[in-house]
Amino acid sequence: MLNWFAVGILGNYPGGNYWFSPVSPPAPGKPVVLLQHGMLSSSADYILMGPQTSLVYMLADAGYDVWLGNSRGNRYSNRHRSRNNETQQFWDFSWHEVGSIDVPNMIDFILARTGQSALQYVGHSQGTTVFWVMMSQHPYYNQRVKSAHLLAPAAYMHHTRSPYVIFLATYLHTTELMLEMMGTYYFAPTSEMDIQGGIDRCRDGAPYQQMCAITTFLMAGFNSQEVNYTMLPVMHGHSPAGASANQMIHHAQTVRSRIFRQFDHGPTMNMIRYGSITPPNYNLQNVQAPTLLYHSTNDWMAGPEDVLLLAGQLPNVRKRYLVPLPAFNHMDFVWAINVRSLLYDELLADLRAYV
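Residues numbered from 1 in each chain as written. Predicted model: local features only at pLDDT ≥ 70, side-chain atom pairs only at ≥ 80, totals over all residues. Heavy atoms only, no water.

- The protein chain appears in an unreviewed UniProt entry as Lipase 3 from Culex quinquefasciatus.
- Word for word, the UniProt comment on the protein chain under Sequence similarities (unreviewed entry) is "Belongs to the AB hydrolase superfamily. Lipase family." (UniProt positions renumbered as here; feature names shortened; annotations may be inferred.)

**Some words on the overall build of the protein chain**
Part 1 of the argument: Across its full length, the protein chain holds 14 helices and nine strands.
Part 2 of the argument: For a compact globule of 355 residues, the expected C-alpha radius of gyration is about 20 Å, and the protein chain comes in at 19 Å, within 12% of that figure.
Part 3 of the argument: Principal-axis analysis of the C-alpha atoms places the extent of the protein chain at approximately 55 × 55 × 40 Å.
Part 4 of the argument: Here the protein chain, with 355 residues, has 58% of them falling under the buried criterion.
Part 5 of the argument: Look at the contacts in the protein chain between residues 6 or more apart in sequence, and 77% of them connect residues 24 or more apart.
Part 6 of the argument: Here the protein chain displays about 14,900 Å² of accessible surface, and carbon together with sulfur accounts for 55% of that area.
Part 7 of the argument: Across the protein chain, the 21 positively charged side chains and the 23 negatively charged ones have centroids separated by 6 Å. (Helix = DSSP H or I, 4+ residues; strand = E, 2+ residues; numbered from the N terminus. Rg over C-alpha atoms; globule rule 2.2 N^0.38 Å. Buried < 20%, exposed > 50% of the residue type's maximum accessible area, 1.4 Å probe, protein only. Contact = heavy atoms within 4.5 Å. Areas by Shrake-Rupley, 256 points an atom, 1.4 Å probe, with all protein chains shown as cover. Lys, Arg positive; Asp, Glu negative; His and termini not counted. Charge placed at Lys NZ, Arg CZ, Asp CG, Glu CD.)

**Digging into the packing of aromatic side chains**
Part 1 of the argument: A complete count under the given rule lists 16 aromatic pairs for this structure.
Part 2 of the argument: Aromatic pair Tyr140 and Tyr141: ring centres 5.3 Å apart, planes at 75 degrees, arrangement edge-to-face.
Part 3 of the argument: Accessibility expressed as a relative area gives 43% for Tyr140, which makes it partly exposed.
Part 4 of the argument: Above the plane of the ring of Phe93 lies Arg72, whose end atom (NZ or CZ) is 5.0 Å from the centre. (Phe/Tyr/Trp six-rings, centres within 6.5 Å; stacked < 30°, edge-to-face > 60°. Lys NZ or Arg CZ within 6 Å of the ring centre and 35° of its normal.)

**Examining the pattern of salt bridges**
Part 1 of the argument: Evaluation of the coordinates by the stated rule reveals seven salt bridges.
Part 2 of the argument: The network of salt bridges with common partners includes Lys319, Glu346 and Asp350. (Salt bridge = Lys/Arg side-chain N within 4 Å of Asp/Glu carboxyl O.)

**Focus on unusual backbone geometry**
Part 1 of the argument: In this structure, the amide linkage connecting Ser239 to the following residue, Pro240, adopts the cis form with an omega of 5 degrees.
Part 2 of the argument: The topology assignment puts Pro240 in the loop between helix 9 (232-238) and strand 7 (243-244).
Part 3 of the argument: Here the phi dihedral of Ala152 falls at roughly 50 degrees; this positive angle occurs in a residue that is not glycine.
Part 4 of the argument: Looking at where Ala152 falls in the secondary structure, it is placed in the loop between strand 5 (145-151) and helix 4 (163-170).
Part 5 of the argument: When its relative accessible area of 0% is taken as the criterion, Ala152 is described as buried.
Part 6 of the argument: Although it is not a glycine, Arg258 adopts a positive phi angle of roughly 60 degrees.
Part 7 of the argument: By the secondary structure assignment, Arg258 is in the loop between helix 10 (245-257) and helix 11 (267-274).
Part 8 of the argument: Look at Arg258 and you get partly exposed, because its relative accessible area is 48%.

Dropping the structure here:
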């Protein structure tokens, strides 16, 4: 198996030097949950806000064996056994490969290590996209997922309000050409210089601290009341965490085509890869595992209309939960001050129902 993915645990698997929950000490046979992060992010999203706010600590305290996935190309998963990570060959992937190859491998690895026959899946943003891809391509994994809990579910993006995504989709072909001419195959993670600059600009008392949240707002939606400004240097120190350029391009293709389908390589390469001039659509009817969707009104990436469209095409939606705060945005699912009371308490109760 190629070394394309990275998984880690923050739970109670015996024999490792890991953080253990003082509320739920190590024990065999604990229910297993895999957390998968969003676009340009990493497993750090589920940890940064600390034990009282971050989902991963809450799950460990609730008695789960918690595993954290990292998509290929981010700071924790950017090595390969034979490919140099500065070459085009290394970065020739989108979230299709993450969903069709990496996440299934993660699940197989986790279940082999824990001795469990199935796990529960929690994904945010692109962490939901790769789940649809996995089930579309490999329906067998419905047997290996007890329940899927999808935060800010992203498949269709007809109603995106993010200026970044709209710009990329509008000028997609120009952007692809420019990236190719510059030899830019990926978006690099935050550098040490950027981290230090973020500390200086975003720390409490800094004159332009408010501006540090603007870049996130323009992608995710404005919601200043749920921003922990003290934590902004930490957030910016871990995000962006890196991704391939094709991941962003694939999302932009979805916006333009209004079809949830595989990566469009152009008519000639599509014929070589797929046997047709257009990419194959993902088959959402293959998603048979119990599926629970959690979304918000002010999400600029996964808008309510698009979530409703998606829900109507999934065959086994057991629940659709709208966060009861109109201003709740795309990144509030992992970083909001009151995310526990607004979302995670509900999510934990839902997880317990499918253990």
